[in-house]
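An overview of the molecular structure
If you want the building blocks of each chain, they are given just below.
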Amino acid sequence: MKTLTPFTAVLIAAAFAGCATNSSTSSQTAQTPPKMKMTTEIPPQITTPDTVETRLGTLHFFDGFPDDATVTKVYDNLDFERGVQAYLTGLPGTSLVGMRAGLYSLGANNSTVVIFEQLMDSKALWLTPNTDSIYFATWLDLHDGPLVLETPPKVLGFLDDSWFHYIIDFGNAGPDKGKGGKFLVLPPGYTNNVPEGYFVARSRTFGVWLVSRGFKVNGDPKPAVESIKNTMRIYPLAQANNPPPTKFINVSGVPHNTIHANDFEFYEELNQVVQEEPTESLDPESLGLFASIGIEKGKPFAPDERMKKILTESAAVGNATARALTFRTRLKDSFFYPNSAWCTPFIGGSYQFLSQPGVRNLDARTFFFYYATGITPAMANKFIGIGSQYAAAFVDADNKPLDGSKTYKLHLPPNIPAKDFWSIVVYDNQTRSDLQTDQQFPSVSSLTEGVVINPDTSADVYFGPTAPAGHEANWVQTVPGKGWNCLLRLYGPLQPWYDKTWRPGEIELVK
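Notes on the structure in this doc start here. This one's a predicted model, so the numbers in the text were calculated from it and none came from an experiment.

**Digging into empty space enclosed by the protein**
By the definition in use, this model includes 3 cavities of 30 Å³ or more. Its volume calculated, the largest cavity comes out at about 310 Å³. If you go around the largest cavity, you meet 28 residues; those closest to its centre are Thr128, Thr373, Met379, Tyr390 and Arg489. Residue assignment for the lining of the largest cavity shows that the elements contributing at least two residues are strand 8 (156-161), strand 12 (207-214), helix 7 (362-371), strand 18 (388-393) and strand 24 (484-493). A per-element tally of the lining of the largest cavity places strand 12 first, with 4 residues. Considering only residue class, the lining of the largest cavity consists of 21 nonpolar, 5 polar and 2 charged. Within this model, the second largest cavity holds a volume of roughly 50 Å³. Taken together, Gly93, Leu96, Val97, Arg100, Trp139, Ser162, Gln272, Val273, Glu276 and Glu277 make up the lining of the second largest cavity. Counting residues per element, the ones that place at least two in the lining of the second largest cavity are helix 2 (68-106) and helix 4 (265-276). The biggest single contributor to the lining of the second largest cavity is helix 2, with 4 residues. Taken together, the residues of the lining of the second largest cavity break down into 4 nonpolar, 3 polar and 3 charged.

**A short note on the sheet that holds strand 9 (residues 166-171)**
Adjacent strands of a sheet pair through backbone hydrogen bonds, lying either parallel or antiparallel. Strand order in the open sheet formed by 6 strands is 9-8-12-6-4-14, with mixed pairing between adjacent strands. Two strands bound the open sheet, and with one partner strand each, they are strand 9 and strand 14 (247-250). Geometrically, the sheet is characterised by an average inter-axis angle of 20° between neighbouring strands, direction not taken into account. Here strand 6 (residues 134-141) runs beside strand 12; their pairing, made up of 8 bridges, is antiparallel. Following the sheet pairing, Asp141 is matched in strand 12 by Gly207. In the packing of helix 2 onto the sheet, contacts are made with strand 4 (112-115), strand 6, strand 8, strand 12 and strand 14, and the angle to strand 6 comes to roughly 100°. Lying on the sheet, helix 3 (residues 222-231) is in contact with strand 4, strand 6, strand 12 and strand 14; it crosses strand 6 at an angle near 20°.

**Some thoughts on the pattern of salt bridges**
Going through the model one piece at a time under the given rule, you end up with 10 salt bridges. Between Glu276 and Arg100 there is a salt bridge, and its shortest N-O distance comes to 2.7 Å. Here Glu276, found in helix 4, pairs with Arg100, found in helix 2; they are 176 residues apart in sequence, far enough to count as distant. Looking at Arg100, the relative accessible area reads 12%, which means it is buried.

**A short note on the layout of surface pockets**
Looking at the second largest pocket, its volume works out to about 500 Å³. What lines the second largest pocket is a set of 22 residues, among which Trp163, Phe164, His165, Arg204 and Arg360 lie closest to the centre. Those elements giving two or more residues to the lining of the second largest pocket turn out to be helix 2, helix 5 (284-292) and helix 7. Residue classes in the lining of the second largest pocket are distributed as 11 nonpolar, 6 polar and 5 charged.

**Overview of helix 2**
For helix 2, with 39 residues, the first-to-last C-alpha span of 53 Å sits near the 57 Å given by 1.5 Å per residue. For helix 2, the principal kink sits at Leu91 and spans about 60°; a proline, Pro92, occurs within the next four residues. A positive backbone phi angle near 100° is found at Gly107, which sits one or two residues after helix 2.

How each quantity is defined
Residues numbered from 1 in each chain as written. Predicted model: local features only at pLDDT ≥ 70, side-chain atom pairs only at ≥ 80, totals over all residues. Heavy atoms only, no water. 1 Å grid on protein atoms, 1.4 Å probe; cavity = no way out; pocket = protein on both sides within 12 Å on 5 of 7 lines; lining within 4 Å. Points joined across faces, edges and corners; volume = space filled by probe spheres on them. Helix = DSSP H or I, 4+ residues; strand = E, 2+ residues; numbered from the N terminus. Nonpolar A, V, L, I, M, F, W, Y, C, P; charged D, E, K, R; others polar. Pairing = 2+ DSSP bridges. Axes fitted to C-alpha atoms, helices over the stretch in contact; angles between N-to-C directions. Contact = heavy atoms within 4.5 Å. Salt bridge = Lys/Arg side-chain N within 4 Å of Asp/Glu carboxyl O. Buried < 20%, exposed > 50% of the residue type's maximum accessible area, 1.4 Å probe, protein only. Expected span 1.5 Å × (residues − 1). Bend = angle between axes of the 7 residues up to and from the residue.

See the structure below:
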């Protein structure tokens, strides 16, 4: 029998000890391995030290093998990180889960449409709506086949799928060019013959959000309301020869919520979309991310106690991240002007948030979907005199958060570049919805009754808990103890907006 050298005996004993024990490998004694016949110089950057200091604490390895405590730490961290990324990536889908729930609570579905006949006020929890348009909306369900839309003239509307992908515009920015028309909305995988005479819209999901805005006529919403109710029709293609009536429900002043959750419930909302919609409706990378935290089509979402605790924290950090990306964006290209608060998530005019072809600007996407709702090129692309443009402000001229206990002034210089109208709406930082005050509409616009326009066509808007004397008509009330933000809207934006020869003032603290 061949005699073992002392060194070989030690190695064999160590190997058996490693296989026979369930204890952490950190108990193994590190030693310098001998130089073998095939030994070469190993670049240190491809190896792992026995101890590594990280934000997770000290990580321990035996010759690159993580000990049990390290494995637990990194897996908990991986699940946490994926939970945060699933929050940021899943925002578009959960936003529309919230929207659908709100619409269903009001009775909207397919051929039943909700309409804000007396405009939308602050009792409605929607992400950054305006207070001057006549909103109408419904949720389309394509499971039973194609739906026909007969759309009104002189509106600004669009369809988005359940993942918030843009489908088509109708109205002023649509192929009907504001004259009204017939649209045919096709479900995923539809292969039957498509009849002629329709503007065809193909959806990747069975759920589709329809939303549109009509406009006042000489300050009166009634003509638009009558036009919408007289001309808007939604019915199944199968019933095109004898379409059923379309029902309208006036929801002005009716409290309801359309906003997604920001706690663990967020992931339950995300699971709804994954379960209901075709796998092909979203990219494999995103669906793989969701699957990594237990959200996978055809399987129950049932996290154990450990995973639910991790995802609860992930939602909190995801929400905090989204708030930072929105209220304190670090995207330099988001700002319209140097040393200005006015910013946009539509960087480079891309409604798809592309920094270059094929490259998504993730921070810009989160900014938009946390703050606002509705995806259409008409909100981002350059259309002179058509569509709308937006600029958000979250801080004052001194770069400090806007404080509801203080008074501020905003100057809009002469020749405000809006063919149709301009408006300033104030939003609650918590809900990103209309700020709830004693005013029904927390806004000032060129359509506001009694608004004062200066002789040179400029305008001044005031914000504060009480109206500055003599400026009541141009004042938006704020609430002590609450923060706020605002959106400047230009409907029918003109060239001076795009070439930046016109620039809004900053929000100045009145001292």
